[in-house]
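Reading the structure
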Amino acid sequence: MIATPETLQSVFDRAFADLSQMREKFSPRLTPHEVGTIMSISTGIARVSGLPNAGFDELLKFPGNVFGIAFNVDPDEIGVVLLGEYSHLHAGDEVERTGRVMDVAVGDGLLGRVIDPLGRPLDDKGPVTANERLPIERPAPAIMDRAPVTVPLQTGLKVIDALIPIGRGQRELILGDRRTGKTAIAIDTILNQRGKNVLCVYCAIGQRASAVAKVVANLRERGAMDYTVVVVAEGNDAPGLAYVTPYAATSIAEHFMEKGRDVLIVYDDLTHHARAYRELSLLLRRPPGREAFPGDIFYIHSRLLERATHLRKERGSGSLTALPIIETEAQNISAYIPTNLISITDGQIYLSPSLFELGVLPAVDVGKSVSRVGGKAQRAAYRAVAGDLKLAYAQFEELEAFARFGARLDEGTHKIIEHGRRIRACLKQPEFSPVAVPAQITILLALIGDLFDPVPVDRMRDAERAVQDAAAKVPVEVSSRFETADKLSDTDRKSIIEIARQALTAFYPKPETKPESKQGPKSNTKPAGGSKSDAPPLAKPKPEHEPNPVPAKEPKPEAKREPASKPETSTDIKPAPKTASLKKP
């Protein structure tokens, strides 16, 4: 009982001794803390004074945990782009420096999540777990750190994989008018990456909340959210958030690329991004240029898309494939923003409203679409059929315009048009239904082998589905060459074509030669009988009536001479010819 107070006393003594030592070692340090004031607030921007040491692109903190980026750094004031709700801010409020640029959380913890550009969760699944952060603005990889684009990125769409191939590390622009299926192509591409070791980042810029929710629901329903990150800036958000969204999404994708992963990023769409930047620039009194866009509108997109590349082996062999989307107005692809992005990217996929109205989905205009990487990012099995298929389809599109005028077509032209209609029917594809590589190659080989030509156009969908099902019968040693650079031998092609032919035999029209042969002798026996019922079919060709009108005209003057011969027989009436001669003049 007596030892217990002594033990407690010793514990307290040691504790106080430690505290005194720590107090002696502590030396207060002064840290700079700059605070400015808000001069004015506008739509999405603020003008701040009192921060002389603030740098360009530095992150500033406003009351209410609202952040902004120093955009215009002038001697007397700073133009700040606000990144959030700013209705509670007023002139005279304090602004603090953070001493860092804007960054975003990166890592595997973002997979399957829906976040905003600041890393805040939007899917009600709790806070985002990430151990690393990267700045949203990063320099693009150097030229010597890049490798050629040789590996294809399969979209699951026959018209793109066969005619406009995309490689891993390529930048392919998707452009077209409103409501032509641009987002659908990007979503189908994301869905097709399941099981292909490709991570995806979907960046929604200025989209409606309902449209973004629909995309996320489709991805989650089909299991694509397991390998996808969704970064969203809704249409009612501040324009500053829409401006920084693609850069934040690219930093998230670059983190995976630097780890040696293959990544696909979709920017939907950069038209809203350019408009948000134009709005901010005009509010900050930057001089406008063409279509009121600032002079550096080209640079903000080029420095963004240059970060998409394929790294060489020493850097991990990772790749970042970019699919930016652009909206055109009245099919005007020569506008300012579309031409800028066409010159930046490695090709474009143009969606035609006329094809969309005809029900040709996806409405890809093959004539205006191109991939500048081309066959280098395409398997040998595709290259063997893509050239002939694209040429045949181009001929069909040219001849189809003449056929609409009702012009007479020879047999060869008619055959080309019918073959082109089968190609167009095979290139049609419903949404959310990507086609595997073996099925695509089987269909394409059947197309160039004219196996679909006897099939009626209204039965092409069922015939194509039958060929897709039959593609599972392709031998394993043959289908294994589809994913390699090995070319298909003649034996392989013949085996695939034979499988497709067997699947299409049920759709070929049955020959009707026998009933025609029975009608032939009946038509020959009827005129031989000489019956009245058989006369009409003999009168249709009218071989005998054609010469009759010609001699009918010749005897008419002879019939006029008959009245002159009749009075000669009547000897009593002699003055009749005289009166006739008097009447003639």
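Residues numbered from 1 in each chain as written. Predicted model: local features only at pLDDT ≥ 70, side-chain atom pairs only at ≥ 80, totals over all residues. Heavy atoms only, no water.

**Notes on the sheet that holds strand S3 (residues 58-62)**
In spatial order, the strands read S1-S2-S5-S4-S3-S6; together these six strands close into a barrel with antiparallel pairing. The mean inter-strand angle of the sheet, taken between neighbouring strand axes irrespective of direction, is 45°. Bridge count between S3 and strand S6 (residues 94-101): three bridges; the pairing is antiparallel. Note that in S6 the partner of Lys61 across the bridge is Glu96. (Pairing = 2+ DSSP bridges. Helix = DSSP H or I, 4+ residues; strand = E, 2+ residues; numbered from the N terminus. Axes fitted to C-alpha atoms, helices over the stretch in contact; angles between N-to-C directions.)

**Observations regarding the pairing of strand S7 (residues 103-106)**
Because side chains alternate across S7, one face comprises the buried residues Asp103 and Ala105, and the other comprises Val104 and Val106, equally buried. As paired elements, S7 and strand S9 (residues 132-135) share four bridges and run antiparallel to each other. Directly across from Asp103, in S9, lies its bridge partner Pro135. (Buried < 20%, exposed > 50% of the residue type's maximum accessible area, 1.4 Å probe, protein only.)

**Here's the deal with the sheet that holds strand S11 (residues 198-207)**
Across the sheet, eight strands lie side by side as S8-S12-S11-S13-S14-S10-S15-S16; this open sheet has mixed pairing. The outermost strands of the open sheet, each flanked by one partner alone, are strand S8 (114-115) and strand S16 (370-371). Bridge count for strand S10 (residues 173-176) against strand S15 (residues 347-351) is four bridges, and the pairing is parallel. Residue Leu173 lies in a different strand from S15, and its bridge partner there is Gln348. Set on the sheet, helix H3 (residues 182-191) makes contact with S10, S11, strand S12 (228-234), strand S13 (262-268), strand S14 (319-327) and S15; between it and S14 the angle comes to about 160°. (Contact = heavy atoms within 4.5 Å.)

**Here's the deal with the nonpolar core**
The biggest cluster of nonpolar side chains holds 133 residues, and the ones touching the most others in it are Ile190, Ile252, Phe452 and Phe482. Setting aside chain neighbours within four positions, we find Ile190 in contact with Cys200, Tyr202, Leu219, Ala224, Tyr227, Thr228, Leu264 and Val266. Counting residues in hydrophobic clusters, the runner-up holds 14 residues, among them Val48, Leu60, Val80 and Leu82. (Core = buried A, V, L, I, M, F, W, Y, C linked by side-chain atoms within 4.5 Å.)

**Thoughts on the pattern of salt bridges**
Evaluation of the coordinates by the stated rule reveals 28 salt bridges. A salt bridge links Arg421 to Glu418; its shortest N-O distance comes to 2.9 Å. In this pair, Arg421 and Glu418 both sit in helix H11 (residues 411-427), three residues apart, roughly one turn of the helix. With relative accessibility at 36%, the residue Arg421 sits in the partly exposed group. (Salt bridge = Lys/Arg side-chain N within 4 Å of Asp/Glu carboxyl O.)

**Re the pairing of S11**
Of all ten residues that make up S11, nine are buried, and the element is covered over most of its length. In the sheet, S11 pairs with S13 via seven bridges, with the strands oriented parallel. Across the sheet, Val201 pairs through a bridge with Ile265, a residue of S13. Pairing of S11 with S12 involves seven bridges; the strand directions are parallel. Residue Gln207 lies in a different strand from S12, and its bridge partner there is Glu234. The parallel pair S11 and S12 is bridged by helix H4 (residues 209-221), and the resulting crossover is right-handed. (Right-handed = clockwise from strand over helix to strand, strands pointing away.)

**Some points on the side chain of Arg113**
In this structure, Arg113 sits in the loop between S7 and S8. Within the structure, Arg113 has its side chain in polar contact with the backbone oxygen of Gly126 (distance 2.6 Å). Residues contacting Arg113, with those up to four places away along its chain left out, are Pro121, Asp123, Lys125, Gly126, Pro127, Val128, Met225, Thr228, Val229 and Val230. (Polar contact = N/O pair within 3.5 Å; in protein donor to acceptor, adjacent residues only side chain to side chain.)

**Quick look at the packing of aromatic side chains**
Throughout the structure, instances matching the rule amount to seven aromatic pairs. Judged by centre distance (5.4 Å) and plane angle (85°), the ring pair of Phe71 and Tyr243 falls under edge-to-face. Placement of Phe71 in strand S4 (residues 66-73) and of Tyr243 in helix H5 (residues 239-258) is noted, with a sequence separation of 172 residues between them. On the basis of relative accessibility, which here comes to 4%, the residue Phe71 falls in the buried class. Both rings, one in Phe71 and one in Tyr277, keep their centres 6.1 Å apart while their planes meet at 75°; by these two values the pair is edge-to-face. With Phe71 in strand S4 and Tyr277 in helix H6 (residues 270-283), the pair connects residues that are 206 residues apart, well separated along the chain. Here Tyr277 falls in the buried class, since its relative accessible area comes to 1%. Taken together, the aromatic side chains of Phe56, Phe71, Tyr243, Tyr247 and Tyr277 make up a single cluster linked through ring pairs. Positioned above the aromatic ring of Phe432 is the side chain of Arg222, whose terminal nitrogen or guanidinium carbon lies 4.2 Å from the ring centre. Above the face of the Phe293 ring, Arg278 is positioned so that its terminal group lies 4.3 Å from the ring centre. (Phe/Tyr/Trp six-rings, centres within 6.5 Å; stacked < 30°, edge-to-face > 60°. Lys NZ or Arg CZ within 6 Å of the ring centre and 35° of its normal.)

**Some remarks on unusual backbone geometry**
The linkage connecting Asp268 with the following residue, Asp269, adopts the cis geometry, with an omega of -10°. Inspection of the secondary structure assignment puts Asp269 in the loop between S13 and H6. Cis geometry is found at the peptide bond from Leu361 to Pro362, where omega equals -5°. Within the secondary structure layout, Pro362 lies in the loop between helix H9 (353-357) and S16. The phi angle at Ala330 is positive, at roughly 55°, despite the residue not being glycine. Take Ala330: it is sitting in the loop between S14 and helix H8 (336-344).

**Notes on a nonpolar patch on the surface**
A surface patch of nonpolar side chains, about 460 Å² in accessible area, is lined by Leu8, Phe12, Phe16 and Leu19. Summarising the element assignment, Phe12 is placed in helix H1 (residues 3-25). A relative accessible area of 48% places Phe12 in the partly exposed class. (Patch = residues over 30% accessible without salt bridge, like charges linked within 9 Å, V, L, I, M, F, W, Y side chains within 5 Å. Areas by Shrake-Rupley, 256 points an atom, 1.4 Å probe, with all protein chains shown as cover.)

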